Each structure stands twice: as structure tokens, then as C-alpha cells.
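Take a look at the letters that make up each chain.
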Amino acid sequence: MSQDPTNSADVREDRVVTNGFGNPINEPFATQRVGNHGPLLLQDYNLVESLAHFARERIPERNPHAHGSGAFGEFEVTDDITDVCGSKMFEKIGKKTRLLVRFSTVGGEKGSADTVRDPRGFATKFYTEEGNLDWVYNNTPVFFIRDPSKFPHFIHTQKRNPQTNLKDADMFWDFLTTPENQVAIHQIMILFSDRGIPASYRNMNGYSGHTYKWSNKKGEWVYVQVHIKTDQGIKNLTAEEAAKISGENPDFCQQDLFENIEKGNFPSWTVYIQTMTAQQAKQVPFSVFDLTKVWPQKDFPLRRVGKMTLNENPKNFFAQVEEAAFAPSNTVPYQEPSADPVLQARVFSYADAQRYRLGTNYNQIPVNCPYASKSFAPFIRDGSMNVNGNLGSESNYLNNSSKYTFKETERPIQQHQEVWDGPAVPFHWATSPGEIDFKQATDLYQNVLSKQPGQQQHLAHNIGIHAVNARPDIQKRVIDWFTRVDPNLGKDIKAEIAKAASAKANPKL
Ligand code: HEM
């Protein structure tokens, strides 16, 4: 594969060890000094290079989703969806597209444990003939917020207290139970159910969460949600199992993924879509641009698209996973973002983060190169760490004297689609959530968890053992919040907090 970092043309085949500039090093551990015991000489450039490079080995970790694992694989079309989407990757049954997936946790640092209660990131980069397509999804179908301006606030509450440097249950629950943030209820119900700690990356689903807009070659479009369902079955850990594994093997999921792929036990997922017309979107009792809601599957059934399989471990983690840059702005013809404000903000934020985290020319890092389509952007030139020849003598502006080919658009994308009109307004969603914002959470509790033995109790328990670490006034807000979902849930959480408080007061250790 062209992303193979060991294939660098600069690597010597005779394995003679050199410094970074090809000058052979005879005695790697010798230092140049005055006499046998005197001070070192500044002219010892090999020592200087080695120490200087060492001090620059770390790059900024992602903020958020710093901790993760990745693998390569392929997507294969199993069903014809050309009536929905004209992207080349779907053009015929059996067509395969190479891909990279990075799984992650959200709040922890790069070296944090795998088995924590946190959403899991499920980011996929498809190397298509029409450019790189990134599906930057999570393992939950909804999200905490629907106003993008809240994202940095929310993520701060999942990180460390600015003074104590500790994870802080007050920050966590204070933010979420503040009335205008209570739309997080649906996501929090999922996060504190058993699905909140997947047993492995292989045993969880991925969801677009957001609504996207796909069109066919005739220019007809629909809203789309994507579901990536594990073929290994869903498996989760209880809070107690997860805590034990975190202590014994914090890299449990990384090891599980790597070893299964290494022994040929390739994990796979089946990809489905839900579709909704613009007309239907006007009739559903929620906004399709509201990321805290799911589309009921009885009204919008899943339609199978294809299969994703992970079959190749990275050769080098840093070059192929740490330096990978996934962004919702990396898309291909016929797949567009919808007007969901959180998605719109994400379309800006990722590439911005990556210019900082990896540098201006991060698209030249092999794992990020659109190697299946190749690029030709003569106006995107120069900049720090430009390493691909910089298009040589090619003109750096588009002009009439050079010969260019422009791909004719095959579909009238914008004219006949959504037409937006209105003044610039300081909009955000209703500040205090209404009954509609609790409805899907209540359905989940009363109609889904109730059918799975022990799940309602696990939910109350998982919330109780977390909220016990918050201040009493915040605990009361937590209980009131879940009481709005179902009075029984509020009652059970109150009892679980009391039980956990008594266990804390009388530790077994
Ligand atoms: C306003 C809302 C959001 C903002 C501003 C935001 C921003 C970011 C940023 C800056 C990164 C780090 C990117 C990097 O350094 O490479 C990131 C990572 C990530 N985000 Fe978001 N995010 C938002 C919401 C979401 C949502 C709703 C999802 C899922 C549906 C999501 C999924 C992910 C994933 C999976 C990653 C890790 C990608 C990887 O593996 O490299 N984010 N986000």
C-alpha cells in the first residue's frame, strides 16, 4: 500500500546506520569529548541531532479523542443504492474500497485506559476514486449537545479540573443538569446503560448520529443516517469488570483488536442507511437537524448497503494512526453535510485542528493522501513541511494559458434543493428542554431496557456509583433530571447513590 511507512525511498537497503542525513555512524554510543573524562564538544552533531529530535518526538494529542487504535480494511458494496447515492464507491455490487478505521475514547488523554465509560469514536477514511471520504462517527446514535457553541464547554467538563487536575464528578453533572443542557438526557441514558462500556472495539456499532444529505445522479436527494452494525454481536462490560480490566490491562481493546487481526480473525460490520425525504422531514415531531434524536426504525427502516472488514494492522502506529486526520469536511460527490448546526461546525473544526496538530501540509502525510484519486491543486502550495515536490514549475494560480480539465458536474446539486433565506439571527435551540426532548429517553427506558433483564437496574447503578462523587446539591439535580424520564428511575438512582455513599464511607480495603 502506498501508506506503508517502511517503503520510504530514503531508507538504505544495506542497513548501514547513519544519522538523519545519511552520514554513517560508526560508534553510536561514543560522544566527542576533551580527553577521556572531559566535557563534551558542541561539534558532536550526531549527539546533538539525536537529543534534539528526541525532544521533539511528541506532537499535540487530539483534543478530544486523544486515545485510540486503528486498522486498515475494505468496504464492499452488497446492495444497490444508486437510487439514493451517486458516489462511485456505491456504483456496483461487489465494488471494494480500501479504508482506515480509528476507534477512540473521548475525554481521556492519549495514554488513558481503554475500558472507561465514555462514547467510542468510530472514524472511517475511505480511499475512493473521487477523493478521501471520512465518516467521523461515534458508537452512539445521538449526542450530548445540539448547539455547537457548547462543545468546548462540554468537553472541558469531561477533562480535568483546572485546579485539582482530577476528573471531576461535580463538573460532569453540573454541566449536564443545568436546565438548558438537559437535552443530553438521551445520550446520557445510553452512556450509562451497559452500552457505555463496550467489551471491545469489535463488539460495538457506529452511527452517523447526524443527518447527512445524499443525492443520486438525477439530482434527487434524501436525508440519510448511517448505521454500522457489528457482525461480532454487541458485548459490553459491567462497571466493575471494566474497572478491574482498566487496572490490569489498560490497553485491553488495543490488544484485542491488534491480536484478532494478526491471527486472521478479521472483524466486520454491516453498513445500513435510513432515508427520509424533505417532505417526511416536515412531518416528524423533531428536527432532523437535532442530533439528540434518533429516527424511529419502524417509520424509517434500515436498508443494507455493504460490509466493512478490518484485515490489516498498521505497520507503524505513529505514522498511520496518530498522524491520521479524519474530518467531516473530507467528502465525495453526492454525499453532503446537512444543515445540522453541530455538523456544520464540525465541517470547520477538524481540518482547523489538524493544521495545528500536524501542520499545514498534513494532506501530504502518506496515510492522509488521496492515493486512490490523486490530487491536483496548483493553488495550494508551499507552507511548512511541503515534501511532495510542490508541483514543480506548475503555475501557482489558475489561468487561461495552462491546460486544465474540470470535471463536469453530473447533477444539479443546489438549485433544486434546500433554499435558505432569512436574516442572520443569534439562534440556539429552546433553552429549557420540553417533553419532546425526554420522549426518546423515556421510550428507551420503558420499552427497550425493560425488555432486557437487569438493564434498568444496571442503568441506575451505573449513574449512582458515578454521581455519588458529586456534591449533594448536584446529586439532587441528577435525581430530578432522571425522574423526568421515569419516576422509578429517579427513585432507583437515589437508592443507588445512598448505597454507594455507604460503601464509600466503609471501604473494604
Ligand atoms: C461541535 C461539535 C464537535 C466539535 C467542534 C468536534 C471537534 C473535534 C476535534 C477538534 C477533534 C480532534 C480532531 C483531530 O485533532 O484530528 C475531534 C475528534 C473526533 N470527533 Fe468530534 N467534535 C464535535 C462533535 C462530534 C460528534 C457529534 C461526533 C460523532 C458523531 C464526533 C466524533 C469525533 C471522532 C470519532 C473523533 C476522532 C477522530 C479520529 O479518530 O481521529 N465529534 N472532534
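Residue indices begin from 1 for each chain and proceed along its sequence in written order. In keeping with the model being predicted, local features are shown solely for residues with a pLDDT of at least 70 and side-chain atom pairs are shown and tallied solely at 80 or more, while totals for entire chains, interfaces and linings include all residues.

## Focus on the overall build of the protein chain
Alright, step 1. Broken down by element type, the protein chain carries 13 helices and 10 strands.
Alright, step 2. For this measure, only C-alpha atoms enter the radius of gyration; the expected value for a globule follows 2.2 Å times N^0.38, where N is the number of residues. Computed over the C-alpha atoms, the radius of gyration of the protein chain is 26 Å, within 12% of the 23 Å expected from 2.2 N^0.38 for a compact globule of 509 residues.
Alright, step 3. By its C-alpha atoms, the protein chain is 75 × 70 × 50 Å across when sized along the principal axes.
Alright, step 4. For the protein chain, the residues scored as buried account for 35% of the 509 residues in total.
Alright, step 5. Within the protein chain, contacts between residues separated by at least 24 positions form 73% of all contacts whose residues are at least 6 apart in sequence. The helix count covers DSSP runs of H or I at least four residues long, the strand count covers runs of E at least two residues long, and both are numbered beginning at the N terminus. We call a residue exposed when 12 or fewer other C-beta atoms sit within 10 Å of its C-beta, buried when the count reaches 20 or more, and partly exposed for counts in between; the C-beta positions come from the backbone. Contact between two residues is assigned when their C-beta atoms, built from the backbone, lie within 7 Å.

## Let's talk about the UniProt feature "domain: Catalase core" (unreviewed entry) in the protein chain
Alright, step 1. UniProt positions are given in the numbering used here, feature names are shortened, and annotations may be inferred rather than shown by experiment. Following the UniProt record, the feature "domain: Catalase core" (unreviewed entry) maps to residues 18-406 here.
Alright, step 2. Span residues 18-406 is 22% helix and 19% strand, its end C-alpha atoms 46 Å apart.

## Notes on the site of the ligand
Alright, step 1. In the vicinity of the ligand, 25 residues are found, and the nearest of them are His 65, Arg 102, Gly 121, Phe 151 and Ala 353.
Alright, step 2. Secondary structure elements with two or more residues in the shell around the ligand: strand S2 (96-105), strand S3 (120-128), strand S4 (131-138) and helix H9 (341-357).
Alright, step 3. With 8 residues, H9 is the largest single contributor of residues to the shell around the ligand.
Alright, step 4. Charged residues are taken to be Asp, Glu, Lys and Arg, nonpolar residues to be Ala, Val, Leu, Ile, Met, Phe, Trp, Tyr, Cys and Pro, and polar residues to be all remaining types, Gly included. Looking at the shell around the ligand residue by residue, the classes come out as 13 nonpolar, 8 polar and 4 charged. In this analysis, residues qualify as near a molecule or strand once their C-beta atom, positioned from backbone atoms, comes within 6 Å of it.

## Brief notes about the domain arrangement of the protein chain
Alright, step 1. Here the bounds of each domain stem from an automatic or database domain assignment. Domain parsing of the protein chain yields domain 1 (1-57), domain 2 (68-139 + 198-361) and domain 3 (144-194 + 434-509).
Alright, step 2. The centre of domain 1, based on its C-alpha atoms, is set 40 Å off from the matching centre of domain 2.

## Here's the deal with the packing of helix H4 (residues 185-192) against helix H10 (residues 435-448)
Alright, step 1. The contact between H4 and H10 brings their axes to 8 Å, and the two run at 25 degrees. Here H4 is positioned roughly parallel relative to H10, judged by the angle of their axes. The residues of H10 that touch H4, namely those facing Ile 185, His 186 and Met 189, are Asp 437, Phe 438, Gln 440, Ala 441, Leu 444 and Tyr 445. Axis angles are defined between N-to-C directions and span 0 to 180 degrees, where every axis is a line fitted to C-alpha atoms and, for a helix, only to the segment in contact. Our angle categories are set so that under 35 degrees counts as roughly parallel, over 145 as roughly antiparallel, 65 to 115 as roughly perpendicular, and the remainder as oblique.

## Describing the UniProt feature "binding site: heme" (unreviewed entry) in the protein chain
Alright, step 1. Here, UniProt's "binding site: heme" (unreviewed entry) annotation points to Tyr 350.
Alright, step 2. For Tyr 350, the location among the structural elements is in helix H9.
Alright, step 3. Sequence-distant contacts of Tyr 350, that is, excluding residues within four places in its chain, are made with Val 136, Phe 326, Ala 327, Pro 328 and Ser 329.

## Quick look at helix H11 (residues 455-467)
What sets the pattern is the α-helix's 3.6 residues per turn: residues three or four places apart point alike.
Alright, step 1. How far a helix is expected to stretch is found by multiplying one less than its residue total by 1.5 Å. Over its 13 residues, H11 runs 18 Å from end to end, which matches the ideal 18 Å to within 8%, given 1.5 Å per residue.
Alright, step 2. Burial runs high along H11: 10 of the 13 residues are buried.
Alright, step 3. Among all positions in H11, only Gln 456, Leu 459, Ala 460, His 461, Asn 462, Ile 463, Gly 464, Ile 465, His 466 and Ala 467 are buried.
Alright, step 4. Where H11 is buried, its residues touch helix H3 (169-177), H4, helix H5 (239-248), H10, helix H12 (472-485) and helix H13 (487-505).

## Notes on the environment of Val 284
Alright, step 1. For Val 284, the position within the fold is in the loop between helix H7 (278-283) and strand S9 (303-312).
Alright, step 2. Given 14 C-beta atoms within 10 Å, Val 284 falls into the partly exposed group.

## With respect to the nonpolar core
Alright, step 1. In this structure, Leu 99, Val 101, Val 136, Trp 214, Val 224 and Phe 326 are the most contacted members of the largest nonpolar core, which totals 53 residues.
Alright, step 2. Apart from residues no more than four positions distant in its own chain, Leu 99 is found in contact with Phe 72, Gly 73, Glu 74, Phe 75, Thr 124, Lys 125, Phe 126, Tyr 127 and Met 308.
Alright, step 3. To count as a nonpolar core, a set of buried Ala, Val, Leu, Ile, Met, Phe, Trp, Tyr and Cys residues must be joined through C-beta atoms within 7 Å. Judged by nonpolar contacts, the second largest core, of 38 residues, contains Ile 188, Ile 190, Phe 192 and Phe 482.

## Remarks on the packing of H3 against H12
Alright, step 1. The contact between H3 and H12 brings their axes to 9 Å, and the two run at 45 degrees. Of the possible angle classes, the one that applies to H3 and H12 is oblique. The element H3 and its partner H12 pack so that their crossing is left-handed. Where H3 abuts H12, its residues Asp 170, Trp 173, Asp 174 and Thr 177 lie against Ile 474, Arg 477, Val 478 and Trp 481.
Alright, step 2. Of the residues contributing to the contact of H3 with H12, the split by class is 4 nonpolar, 1 polar and 3 charged. Each crossing gets its handedness from the near helix: less than a right angle anticlockwise from the far helix is left-handed, clockwise is right-handed.

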